[in-house]
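# Structure at a glance
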Amino acid sequence: MEFRKGTVFIISAPSGAGKTTLVNRVLNHFEGFSFSISATTRPARDYEHDGVHYYFITEEDFRKRIAAGDFLEWEEVYQGRLYGTLKAEVDRILAAGNHPIFDVDVEGGLNIKKHYGEDAVAIFISPPSLQALEDRLRQRGSDSETEINRRLAKAEREMGYRDRFDFVVINDDLERATETLFEIVRTHI
């Protein structure tokens, strides 16, 4: 399949809605995509590796890079927890002639969309309900009760942004959500 080089695909969702699973399915199914690795100050989870899942950097280094203008977008998602997209990361992907695909929080996704405009496709992955999201976060078993409550409060706010995205995919059934996402991707490459 011939595709247009350089379209930016933004996959955003509240934490636990399934965006990482869906991004991985796109990467495994389509050629010409490269995952845009975000930078963060949060500690790595047991299964995460620097330069693969995130660039894990200290808060001090992150703030220095903000001051230097190194980020396309960044956000202090929680107190002392910064996340951002390095301009050099996106430039690397585009220079290789690939589509950057982002697994990014909702506000970060909207900031990237604002930057790339019509060259970006912004897709919001929605849980079927906040209760379903809470169940997923608890089943994941990687967050404390405090962190789960923080994520749920943020998710409730983020759900209000869904209409600002180009597409909304409801992840109530993973196979159906995957096919919907694949159809969006096929239409835009």
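Residues numbered from 1 in each chain as written. Predicted model: local features only at pLDDT ≥ 70, side-chain atom pairs only at ≥ 80, totals over all residues. Heavy atoms only, no water.

### Observations regarding the sheet that holds strand 5 (residues 71–78)
Where strands meet in a sheet, backbone hydrogen bonds hold them as pairs that are either parallel or antiparallel. Ordered in space as 4-3-6-5, the four strands form an open sheet in which the pairing is mixed. In the strand order of this sheet, the two ends are held by strand 4 (54–56) and strand 5, each with one partner. Between one strand axis and the next, the sheet turns by 25° as a mean value, whatever way the strands run. In this structure, strand 3 (residues 38–40) lies alongside strand 6 (residues 81–86), joined through two bridges in antiparallel fashion. Bridging from a neighbouring strand, A39 pairs with G84 of strand 6. Running over the sheet, helix 2 (residues 59–67) touches strand 3, strand 5 and strand 6 and is turned about 45° from strand 6. On top of the sheet, helix 6 (residues 145–158) reaches strand 5 and strand 6; it is set at about 120° to strand 5, its chief contact. (Pairing = 2+ DSSP bridges. Helix = DSSP H or I, 4+ residues; strand = E, 2+ residues; numbered from the N terminus. Axes fitted to C-alpha atoms, helices over the stretch in contact; angles between N-to-C directions. Contact = heavy atoms within 4.5 Å.)

### With respect to the nonpolar core
Counting residues in each nonpolar core, the largest one holds 25 residues, and the members touching the most others are V26, F33, I123, I125 and V185. Listed by contribution, the elements that provide at least two residues to this core are strand 1 (8–12), helix 1 (19–29), strand 8 (120–126), helix 5 (130–140), helix 6 and helix 7 (174–188). Element by element, the count of residues in this core is highest for helix 7, at five residues. Beyond its immediate sequence surroundings of up to four residues, F33 is in contact with F9, V26, L27, H99, I101, V185 and I189. With 15 residues, the next largest nonpolar core counts V90, F102, I112 and A122 among its residues. (Core = buried A, V, L, I, M, F, W, Y, C linked by side-chain atoms within 4.5 Å. Buried < 20%, exposed > 50% of the residue type's maximum accessible area, 1.4 Å probe, protein only.)

### Observations concerning the side chain of R42
Looking at the secondary structure, you find R42 in the loop between strand 3 and strand 4. Here E48 takes part through its side chain, which lies 2.8 Å from a polar atom of the side chain of R42. Residues contacting R42, with those up to four places away along its chain left out, are E48, Y54, F56, R81 and Y83. (Polar contact = N/O pair within 3.5 Å; in protein donor to acceptor, adjacent residues only side chain to side chain.)

### Description of the sheet that holds strand 2 (residues 33–35)
Strand order in the open sheet formed by five strands is 2-7-1-8-9, with parallel pairing between adjacent strands. The outermost strands of the open sheet, each flanked by one partner alone, are strand 2 and strand 9 (167–170). Pairwise comparison of adjacent strand axes, ignoring direction, gives a mean angle of 25° for this sheet. Two elements, strand 8 and strand 9, share four bridges in a ladder whose sense is parallel. Bridge pairing in strand 9 places F124 opposite V168. This element, helix 1, spans strand 1, strand 2, strand 7 (99–104) and strand 8 of the sheet and lies at about 165° to strand 7. Against the sheet, helix 7 engages strand 1, strand 2, strand 8 and strand 9, with an angle of about 155° to strand 9.

### Looking at helix 4 (residues 106–116)
Turning to helix 4, its buried residues number three or more, namely V106, G108, G109, L110, I112, K113 and Y116. Where helix 4 ends, the next residue or the one after it, G117, has phi of about 55°, a positive value.

### Description of the environment of N149
Along the chain, N149 falls in helix 6. Assessed through its relative accessible area of 41%, N149 is described here as partly exposed. Through-space distance from the C-alpha of N149 to that of D172 is 21 Å; in sequence the pair is 23 residues apart.

### Focus: the packing of helix 5 against helix 6
Contact geometry for helix 5 and helix 6: axes closest at 10 Å, N-to-C directions at 150°. Between helix 5 and helix 6, the interaxial angle falls into the category roughly antiparallel. Viewed along their axes, helix 5 and helix 6 form a crossing whose handedness is right-handed. Contacts between helix 5 and helix 6 involve L130, L133, E134, L137, R138 and R140 from the former and E145, I148, N149, R151, L152, A155 and E156 from the latter. Classifying every residue of the contact of helix 5 with helix 6 by side-chain character gives six nonpolar, one polar and six charged. (Parallel < 35°, antiparallel > 145°, perpendicular 65-115°, else oblique. Left-handed = near helix turned anticlockwise from the far one by under 90°. Nonpolar A, V, L, I, M, F, W, Y, C, P; charged D, E, K, R; others polar.)

Everything listed here is a matter of geometry and, on its own, says nothing about what the molecule does.
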